[in-house]
Amino acid sequence: MSEKFTRIRFDRPRDHVARITLARADKRNAQDTAMLYEIDRAFTLAGTDPDVKVVVLAADGPDFSSGHDLSGDLTGDGAEVYPGAPLVHQDTQAGLPGIEGTVAFECEAYLGLSLRWRNFPKPTVAQVQGRTIAGGLMLLWPCDIIIAAGTASFCDPVVALGVNGHEFFVHPWEVGARKAKEMLFTGDLISAAEAHSLGMVNHVVDEAELESFTLDLAARIATRPPFALKLAKMSVNQALDAQGQTEAVRSAYSLHALGHANNLQRYGILIDPEGPAALRAGIQRGVR
């Protein structure tokens, strides 16, 4: 395969099944911009290959993803979109100073990519172990099916950072409105069992069986006619859009940007400076 990746792996573990694996285990699969655009390139490879009918999204290491990599610049100067990446928006203006560049970058690399993957024209199955935190949910929630190890847990604690939640704001659809509020207000972890009871996770399995269960399910899905699979996926997504999901996501992102702007005015950086410590303390409390 001519494509070379540094943050992910891309392979074909079963007939008609492609797999994208997050490969920054030493960073708990924290997502820098390079990783996000490598994931997108891999989706494009799978999407343009007529032999691929289903895509699995997996991860190395003990945790699926610790979310956005916050080790970069948080001063509000807009980050650059990954060089050479195909743009979701034709004119992002990422790289401009202040909140203008930040909003443009996040609309592209965070919200834009999540919506793009949500509408990927083939079935996608996420295979999840360990913790999935904040931005990690922006990789899971665009997927059609989620399979979790029994020890998996999920949280979006970024209200502690002074914003309303991560950028792909589908929380009310994933866990219900009241649980979404508790999830956001407290930052508490949701166990795999509770996520299953809420309808966010399709199946909970022993970690030793996670890979085989996921691949077996993907292979079963791949026996169906590909165009019919595409139409079925579009039908469900269009039903969600009839409920206003995509428009609600875009509206919530405008409030997310307002949170960043408030932090930038008050503290000179995009997040509440006391937030990271509070976030880490909350996560360490574990699943209730």
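Look up a bit, the structure's there.
Residues numbered from 1 in each chain as written. Predicted model: local features only at pLDDT ≥ 70, side-chain atom pairs only at ≥ 80, totals over all residues. Heavy atoms only, no water.

Before we go on, may I ask you to explain helix α7 (residues 210–221) in this structure?
Side chains that are three or four residues apart share a direction in an α-helix, a result of its 3.6 residues per turn. Taking 1.5 Å per residue as the helical rise, α7 with its 12 residues ought to reach 16 Å, and the 17 Å between its terminal C-alpha atoms agrees with that figure. Those residues of α7 that fall on the buried side of the exposure criterion are Leu 210, Thr 214, Leu 215, Leu 217, Ala 218 and Ile 221. For α7, the buried positions fall inside an angular range of 160 degrees around the axis, keeping them on one side. (Helix = DSSP H or I, 4+ residues; strand = E, 2+ residues; numbered from the N terminus. Expected span 1.5 Å × (residues − 1). Buried < 20%, exposed > 50% of the residue type's maximum accessible area, 1.4 Å probe, protein only. Arc of directions from axis to C-beta.)

What is the right way to look at the side chain of Thr 21 in this model?
With respect to the helices and strands, the residue Thr 21 is situated in strand β2 (residues 17–22). Beyond its immediate sequence surroundings of up to four residues, Thr 21 is in contact with Arg 7, Ile 8, Arg 9, Ala 58, Ala 59 and Asp 60. (Contact = heavy atoms within 4.5 Å.)

How should the sheet that holds strand β9 (residues 203–205) be read in this particular structure?
Sheet strands line up and pair through hydrogen bonds in the backbone, either parallel or antiparallel. Here six strands make up an open sheet; going across it, the order is β1-β2-β3-β4-β6-β9 and the pairing mixed. In the strand order of this sheet, the two ends are held by β1 (8–14) and β9, each with one partner. Across the sheet, the mean angle separating the axes of adjacent strands is 20 degrees when strand polarity is ignored. Sheet analysis places strand β3 (residues 54–59) next to strand β4 (residues 124–128), joined by three bridges and oriented parallel. (Pairing = 2+ DSSP bridges. Axes fitted to C-alpha atoms, helices over the stretch in contact; angles between N-to-C directions.)

Honestly, the packing of aromatic side chains in this entry has me stumped. Any pointers?
The description of an aromatic ring pair uses the distance of the two centres, along with the angle that the planes make with each other. For the structure shown, the criterion picks out three aromatic pairs. For the ring pair Phe 105 and Tyr 110, a centre distance of 5.5 Å and an interplane angle of 75 degrees mean the geometry is edge-to-face. Given the relative accessible area of 6%, Phe 105 is considered buried. Of the residues examined, Tyr 110 reaches a relative accessible area of 12% and is grouped as buried. An aromatic cluster of at least three residues, connected via ring pairs, comprises Phe 43, Trp 117 and Phe 120. (Phe/Tyr/Trp six-rings, centres within 6.5 Å; stacked < 30°, edge-to-face > 60°.)

Honestly, helix α2 (residues 98–118) in this entry has me stumped. Any pointers?
If you check α2, its first and last C-alpha atoms are 29 Å apart, about what 21 residues at 1.5 Å a residue would give, namely 30 Å. Where α2 bends most, at Gly 112, the angle is about 40 degrees. Taken across its 21 residues, α2 has 15 buried, putting it largely inside the fold. (Bend = angle between axes of the 7 residues up to and from the residue.)

Would you take a moment to explain the environment of Gly 259 for this structure?
Mapped onto the secondary structure, Gly 259 falls in helix α9 (residues 245–267). Taking the relative accessible area as the measure of exposure, Gly 259 reaches 11% and is therefore buried. The spatial distance from the C-alpha of Gly 259 to the C-alpha of Asp 272 is 9.5 Å, given a sequence separation of 13 residues. Setting aside residues no more than four positions away along its own chain, Gly 259 makes contact with Gly 162 and Val 163.

Any chance you could explain the nonpolar core here in plain terms?
One broad trend across soluble globular proteins is that nonpolar side chains are buried collectively. Counting 54 residues, the largest nonpolar core has Leu 22, Leu 140, Trp 141 and Phe 154 as its most contacted members. Sequence-distant contacts of Trp 141, defined by excluding residues within four places in its chain, comprise Ile 146, His 166, Phe 168, Val 170, His 171, Glu 174, Met 183 and Met 200. (Core = buried A, V, L, I, M, F, W, Y, C linked by side-chain atoms within 4.5 Å.)

How should I be thinking about the environment of Leu 113 in this particular structure?
Position of Leu 113 relative to the elements: it lies in helix α2. For the pair Leu 113 and Asn 262, spaced 149 residues apart in sequence, the C-alpha separation works out to 25 Å. When sequence neighbours within four positions are dropped, the list of residues in contact with Leu 113 reads Leu 36, Tyr 37, Asp 40, Val 88 and Glu 108.

Hey, could you run me through the state of the cysteines in this one?
As used in these notes, a disulfide is a covalent bond between sulfur atoms, one from each of two cysteines. A full pass over the atoms with the stated rule returns zero disulfides. Looking at Cys 155, it has no disulfide partner, and the nearest cysteine sulfur is the one in Cys 143, 18 Å off. (Disulfide = S-S within 2.5 Å.)

Explanation requested: the pattern of salt bridges in the structure shown.
Side chains that carry opposite charge are capable of pairing whenever their charged atoms lie near each other. One pass over the full model with this rule turns up 16 salt bridges. The closest approach of N and O atoms between Asp 69 and Arg 24, which form a salt bridge, is 3.4 Å. Linking Asp 69 in the loop between β3 and α2 with Arg 24 in the loop between β2 and α1 (33–48), this pair joins segments that are 45 residues apart in sequence. The exposure class assigned to Asp 69 is partly exposed, which follows from its relative accessible area of 24%. Judged by relative accessible area, which is 10%, Arg 24 ranks as buried. Residues participating in the shared-partner salt-bridge network are Arg 7, Arg 24, Asp 32 and Asp 69. (Salt bridge = Lys/Arg side-chain N within 4 Å of Asp/Glu carboxyl O.)

How do you make sense of the sheet that holds strand β5 (residues 131–133) when you look at a structure like this?
Read across the sheet, three strands follow the order β5-β7-β8 without closing on themselves; strand pairing throughout is mixed. Among the strands making up the open sheet, the edge pair consists of β5 and β8 (190–191). Note: strand β7 (residues 153–155) against β8, two bridges, orientation antiparallel. For Ser 153, the partnering residue across the bridge sits in β8 and is Ser 191.

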